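As a plain string of letters, each chain reads:
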Amino acid sequence: GAFHLFFNGTCLVTISLFSFIQISDLQIIELIIIPIMLVIGNLFVYLVHRYPLHKKYRYIHDGSYGQHTLWHHRFYTNENYQVVKKEDFQTLFFPPVVVILFSLFFIPGLYFFLNLFLPNNLLFLTLGMSSIYFILYETVHYTSHLPEKHWALRIPPVSYTHLRAHETDSYLVCRLLLEKMEEGRCCCVSCRDGMCGLRSTAAVSYTHLTLPTTPYV
């Protein structure tokens, strides 16, 4: 809920601020790292979504494919894509463990690697922009789950939301149903709580169909 959002935001903002205060005597030419990091960030997000988040890879699928495809894309559909309450944040934003790994392993690792050949300002601009991009991604992702009449969706780049762009009816058939559970039971979350049915009527109508198990890549 709210703590989830607060924890993620605090970690990412702290990294950004710490990185930017390490910069001194900034030259205009050094700001070129900002658009470069935005391009790299977009490429990274594309590759992560294209592969581990939407394909099963042995050993990591529970935290990638399981969290994204089996939870996020089943909880939010093209009919029910809006955030209803703050408890929905757990299926909308990256889990805190991802932010912890980003903060304690990715950022330090990137620092030690880039420190070998980048000057101080470019180094910390890169680290700060890595965290800023993370925040921007989560923010834009959140706006894609806002009500259609929300003021933010009047901004053209925001209005073309990622959910409306890729969650078609055919996508729902293959992703909402997903795969049967190993025991052959219904795969929906509510069934495990004794109450079948997702938020979407479309999801409910497909819930009990049996699909072949998705193979590992």
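Data block above holds the structure.
So, how was this worked out
- Residues numbered from 1 in each chain as written.
- Predicted model: local features only at pLDDT ≥ 70, side-chain atom pairs only at ≥ 80, totals over all residues.
- Heavy atoms only, no water.
- Helix = DSSP H or I, 4+ residues; strand = E, 2+ residues; numbered from the N terminus.
- Buried < 20%, exposed > 50% of the residue type's maximum accessible area, 1.4 Å probe, protein only.
- Polar contact = N/O pair within 3.5 Å; in protein donor to acceptor, adjacent residues only side chain to side chain.
- Contact = heavy atoms within 4.5 Å.
- Expected span 1.5 Å × (residues − 1).
- Arc of directions from axis to C-beta.
- Patch = residues over 30% accessible without salt bridge, like charges linked within 9 Å, V, L, I, M, F, W, Y side chains within 5 Å.
- Areas by Shrake-Rupley, 256 points an atom, 1.4 Å probe, with all protein chains shown as cover.
- Salt bridge = Lys/Arg side-chain N within 4 Å of Asp/Glu carboxyl O.

(A) Representation of the side chain of Ser19 within the structure. Mapped onto the secondary structure, Ser19 falls in helix 1 (residues 2-20). Residue class for Ser19 comes out buried when judged on its relative accessible area of 3%. For Ser19, the side chain forms a polar contact with the main-chain oxygen of Ile15, separated by 2.8 Å. Aside from chain neighbours lying at most four places away, what touches Ser19 is Phe124, Leu127 and Gly128.

(B) Quick look at helix 2 (residues 33-50). Taking 1.5 Å per residue, 18 residues should reach 26 Å; helix 2 reaches 25 Å between its end C-alpha atoms and fits that length. Of the residues making up helix 2, those classed as buried are Ile33, Met37, Gly41, Val45 and His49. The arc that holds the buried residues of helix 2, viewed along the axis, is 125 degrees, so those residues lie on one side. Looking at the packing, one finds that the buried side of helix 2 touches helix 3 (65-75) and helix 6 (120-143).

(C) How the structure looks around the environment of Ser16. Of note, Ser16 is situated in helix 1. You can call Ser16 buried: its relative accessible area is 4%. Distance from Ser16 to Ile132, taken between C-alpha atoms, is 6.4 Å for residues 116 residues apart in sequence. Not counting residues up to four positions away in its chain, the partners in contact with Ser16 are Gly128, Ser131, Ile132 and Ile135.

(D) Focus on a nonpolar patch on the surface. Taken together, the side chains of Val97, Ile100, Leu101, Leu104 and Phe105 present a nonpolar region at the surface, about 490 Å² in accessible area. Take Leu101: it is sitting in helix 5 (residues 96-114).

(E) Main features of unusual backbone geometry. The phi dihedral of Asp25 falls on the positive side, at around 50 degrees, and the residue is not glycine. With respect to the helices and strands, Asp25 occurs in the loop between helix 1 and helix 2. The exposure class assigned to Asp25 is exposed, which follows from its relative accessible area of 68%.

(F) Structural context of the environment of Pro52. With respect to the helices and strands, the residue Pro52 is situated in the loop between helix 2 and helix 3. Residue class for Pro52 comes out partly exposed when judged on its relative accessible area of 23%. C-alpha of Pro52 to C-alpha of Gly66: the two residues are 14 residues apart in sequence and 9.7 Å apart in space. Discounting residues that sit within four places of it in the chain, Pro52 has contacts with Leu47, Tyr57, Ile60, Ser64 and Tyr65.

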